[in-house]
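# Remarks on the overall topology
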Amino acid sequence: SSSDKPTKQKNNSVGQPATHASGPLHCTGEAIYIDDIPAPANLLHGSLILASKCHATLASINVEPALSIPGVAGVFTSEDIEKIGGDNKMGPILLDDFTFLPVGEKVEFVGQVLGIVVAASQEIAEKGARAVAVEYTDDVEGKAIVSIEDAIDAESFWTDFRHEMKRGGNVDEILNESEVDGKRLVIVEGSMRSGGQEHFYLEPNSTLAVPSESATNLTIYSSTQAPTKTQDFCARVTNTPAAKVVVRMKRMGGGFGGKETRSVFVATAAAVSAKLMNRPVRVTLNRDTDMAITGGRHAFLAKYKAGAIVEEDGTIKLHALDVRVYNNGGCKFDLSGPVMDRALFHVDNCYFWPNFHSVGTSCKTSQPPHTAFRGFGGPQGLLVAEHIMDHFAAECNVSGDKLRRDNMYSLQDATPFGMRFGDCFTGMWNVPGMWDRLEKELDIPGRRQQAAEFNKKNKWVKRGVGFIPTKFGIAFTAKYMNQGGALVHLYTDGTVLVTHGGTEMGQGLHTKVCQVAAQAFNIPLDHVYVNDSSTDKVANTIPSAASMSTDLYGMATLDACQQILKRIQPIKDSLSPDATLKEVAKKAFFERIDLSAHGFFALDNDRCGYDWNKDRPEGFPADLPDNAWKGHPFNYFTQGVAMAEVEIDVLTGDHKTISADVLVDVGSSINPAIDIGQIEGAFIQGMGWATIEEVIYGDDDHTWIRPRARMHTTGPGTYKIPAFNDVPESFNISLLENANNPFAVHSSKAVGEPPFFLGCSVFFAIKDAITAARGGEGGYFEFRLPATSERIRMACSDVIASECIGSDRD
């Protein structure tokens, strides 16, 4: 009978738009960050000693002027690391960097860290750092390699990490033909450049290092996406066992990839000082220092030659692509190789090339080491794909929208790296349907016609429409990184504490993990809590990156919850059906049942990993795609489409975004409110990269910046990020309905990075408006990213611009 059934309602925390767990504290300013932690007794403040030159040899460091300043407690350099038996070398892949540059080594970028001054106050520490006397020899500043073009001319590459991808026939031979099977082959050739980007997280890099037990133990509070990496290098540099170094991370004020590796040198500098002084040390970089020395998004250059067939009905079908891609890695390898790999994995975007050849090369320059940044090379690769589509549309005088739609992947097609679409391979392939839906709902042909009519009536103001798709592969391309752990405690009052290997940087990871645990235990969301990320609770963690954190730590948390639930099931069975978790936990405790569990999750072997150098094995099935034998680099794709409409001022180059509509497939969302927020943020950050954010160094184009290779854009006065006024006047975000994903926790999909490239719809809308300003029939032109007001103005190519360019040449 119905009275025999349990009356307890099933909890549905997953899928609900729950408020961000720290949201109220963010809004009131009460959220505690590293620099807000109350000062421990005897706290010292640290200021880094930075190189003022590059492409010179460090001859000597005289610390006496700093030590003579009242309040300065100590000055430490590489010699002090040697005295305690520490390892000064560091780096995420190659150990090619130093905590403190040793005397006699070459200074490789302006701002390289030479040492640290610790003092009673921040002001005294900074005064001490300025007082340190540094001498250089062999100063050949003029030879500093700054740009990608400089590196190509000097052949300054990391050649051991150059990767190549081939599919189909010999593209060189194909692209030398003028016909294919009697049909005309249209050839386009050109280049595309994209600039760097500053992370501009609200909280700059910050670390508090607290020694204990006579400085044999260290507790490191660090604003980092990589607690274990921080623990590892703090242990190495201080000659302390990792078991005695604990890294704790409550929350970051933003990371965006900038705190995956380039936060570690701040932590190691603080750790060395704390160890040697046996006093707590806090190091917080000011904004201009953070921007000048931590690196950012890699600038890219792509050189391509591509061919497309003109079918009998006039349809243009892509046929062959040969593309050589370069990125500016800065002076250290950092993550430049993996960033390039992801760019190569995305240079096809959503389009099928039967014949494909790509080569990716990372360039070594005199810029600071560049690093991870939301998208991790993916957006730079996707940009090249869209630029080539625009080139074909101009060359063939066809609609770019139709060209894109006609060449999208179909089910059972394969990417150049051998992944098929659909079913058990990547799940649902939704981009074509999403494209058709948005085109119809927004009446994009009509919008383009309206923009054209507006442009006929207005000489100095032009409108343009951009419409682009994206697919973004989800998984770490390094196979071993696709793992995660979680520790779950069920307390006897029925509440749950979760600790996992991920870090919270505002993206809502902790909130989603709490929702997973709340649903598993069938308890209210506010009964689950994540305190912080700590290496003494969950060890050997992977950096929170690649949009993988919910996939990894949601599953690891679910695993731990299920272990506990399995243990307490007999207790539940012995109680009434409506017994609370508190009652079950209390009885389980008295029955001596373990109420804690460590969960673990790793992606299946056949759903991650890619060996670039693996040759085709003998007997490999002929019906499988080219390069499938090398692996399956992604678990699935997060997909999306976006349309933007802009208006540009032809005389000033100013632009405004009239509207933006975004549709994203995030599977079955764990928290739609957080996911929509992530899409909004990613879109605006991508739009910023594509438009107003321009990183400038002293180079051949900026000879007035000295010394050569010094970063000029080191603060909001010279570097502009999007503000309230830059947000589209009409901004609509939609999540695709009924889009389950069998390959991730609760059928969800990763959301952090994939929508970033959709912000480039604004860039392509600006390009469309410039085309109108140039007369509409001007044909192909390379419009480089970012679309700054200067670049927009000059690209409009009117009489005034032409005269300015001519007078400049004279």
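Structural notes, computed from the coordinates. Keep in mind it's a predicted model, so treat the numbers as computed, not measured.

Conventions and cut-offs
Residues numbered from 1 in each chain as written. Predicted model: local features only at pLDDT ≥ 70, side-chain atom pairs only at ≥ 80, totals over all residues. Heavy atoms only, no water. Helix = DSSP H or I, 4+ residues; strand = E, 2+ residues; numbered from the N terminus. Rg over C-alpha atoms; globule rule 2.2 N^0.38 Å. Buried < 20%, exposed > 50% of the residue type's maximum accessible area, 1.4 Å probe, protein only. Contact = heavy atoms within 4.5 Å. Areas by Shrake-Rupley, 256 points an atom, 1.4 Å probe, with all protein chains shown as cover. Lys, Arg positive; Asp, Glu negative; His and termini not counted. Charge placed at Lys NZ, Arg CZ, Asp CG, Glu CD. Pairing = 2+ DSSP bridges. Axes fitted to C-alpha atoms, helices over the stretch in contact; angles between N-to-C directions. Core = buried A, V, L, I, M, F, W, Y, C linked by side-chain atoms within 4.5 Å. Parallel < 35°, antiparallel > 145°, perpendicular 65-115°, else oblique. Nonpolar A, V, L, I, M, F, W, Y, C, P; charged D, E, K, R; others polar. Expected span 1.5 Å × (residues − 1). Bend = angle between axes of the 7 residues up to and from the residue. Left-handed = near helix turned anticlockwise from the far one by under 90°.

## Quick notes on the overall build of the protein chain
Each helix and strand counted, the protein chain has 22 helices and 27 strands in total. A compact globule built from 810 residues should have a C-alpha radius of gyration of about 28 Å, and the protein chain, at 28 Å, falls within 12% of that. Counting only C-alpha atoms, the protein chain reaches 90 × 80 × 60 Å along its principal axes. Counting only residues that meet the buried cut, the protein chain has 60% of its 810 residues in that class. When contacts within the protein chain are restricted to residue pairs at least 6 apart in sequence, long-range pairs at least 24 apart make up 81% of them. Working note: accessible area of the protein chain is about 31300 Å², and carbon and sulfur atoms make up 49% of it. Of the side chains in the protein chain, 77 bear a positive and 101 a negative charge, and the two mean positions are spaced by 3 Å.

## What to know about the sheet that holds strand 24 (residues 596–602)
Strand order across the open sheet formed by 4 strands is 22-21-20-24, with mixed pairing between neighbours. The open sheet terminates on both sides in strands that have one partner only, identified here as strand 22 (528–530) and strand 24. Averaged over all pairs of adjacent strands, the angle between their axes in this sheet comes to 25°, without regard to strand direction. Of the strand pairs in this sheet, strand 20 (residues 483–490) and strand 21 (residues 496–500) are connected by 5 bridges, and their pairing is antiparallel. Of the residues in strand 21, the one forming a bridge with Leu 487 is Thr 499.

## Brief notes about the nonpolar core
Residues Trp 353, Phe 392, Leu 490, Phe 521 and Ile 568 are the most contacted members of the largest nonpolar core, which totals 110 residues. Of all the elements, helix 17 (residues 549–574) adds the most residues to this core, at 10 residues. Each residue touching Phe 392, except ones within four places of it in the same chain, is listed here: Val 186, Val 188, Ala 306, Gly 307, Ala 308, Leu 318, Trp 353, Asn 397 and Leu 403.

## With respect to the packing of helix 19 (residues 672–690) against helix 20 (residues 760–773)
One way to put it is that helix 19 packs onto helix 20 with a least axis distance of 7 Å and a crossing angle of 40°. One way to sum up the angle between helix 19 and helix 20 is to call them oblique. On the side of helix 19, the interface is formed by Phe 683, Met 687, Trp 689 and Ala 690, while helix 20 contributes Cys 760, Ser 761, Val 762 and Phe 763. Residue composition of the contact of helix 19 with helix 20, by class: 7 nonpolar, 1 polar and no charged.

## Section: helix 17
Across its 26 residues, helix 17 extends 37 Å between first and last C-alpha, which sits within 8% of the 38 Å expected from 1.5 Å per residue. The principal kink in helix 17, of about 45°, is found at Ile 568, preceding the proline Pro 570 by one to four residues.

## Observations regarding the packing of helix 7 (residues 227–238) against helix 8 (residues 264–277)
At a closest axis distance of 9 Å, the pairing of helix 7 and helix 8 adopts a crossing angle of 40°. One way to sum up the angle between helix 7 and helix 8 is to call them oblique. As helix 7 packs across helix 8, the resulting crossing turns out to be right-handed. Two secondary-structure elements touch here, helix 7 through Lys 229, Thr 230, Phe 233, Cys 234, Val 237 and Thr 238 and helix 8 through Val 264, Ala 267, Thr 268, Ala 271, Val 272 and Lys 275. Looking at the contact of helix 7 with helix 8, its residues break down into 7 nonpolar, 3 polar and 2 charged.

## Details of the pairing of strand 12 (residues 206–212)
The side chains of a regular strand alternate between both faces of the sheet. A large share of strand 12 lies buried, amounting to 5 of its 7 residues. Across 4 bridges, strand 12 lies against strand 15 (residues 281–284) in antiparallel orientation. Residue pairing across strands places Leu 208 opposite Arg 282, the latter belonging to strand 15. Where strand 12 meets strand 13 (residues 217–222), 6 bridges bridge the pair, whose relative direction is antiparallel. Directly across from Thr 207, in strand 13, lies its bridge partner Ser 222. Taken together, strand 12 and the strand that follows it, strand 13, pair antiparallel across an intervening segment of 4 residues, in which Glu 213 is found at a positive phi of about 50°.

## Quick word on the sheet that holds strand 26 (residues 655–665)
Overall, mixed pairing links the 4 strands, which are arranged 19-25-26-27 in an open sheet. Looking at which strands have only one partner, the edges of the open sheet turn out to be strand 19 (461–474) and strand 27 (730–735). Averaged over all neighbouring strand pairs, the angle between strand axes comes to 10°, with direction disregarded. Where strand 19 lies against strand 25 (residues 636–649), 14 bridges are found, and the strand directions are antiparallel.

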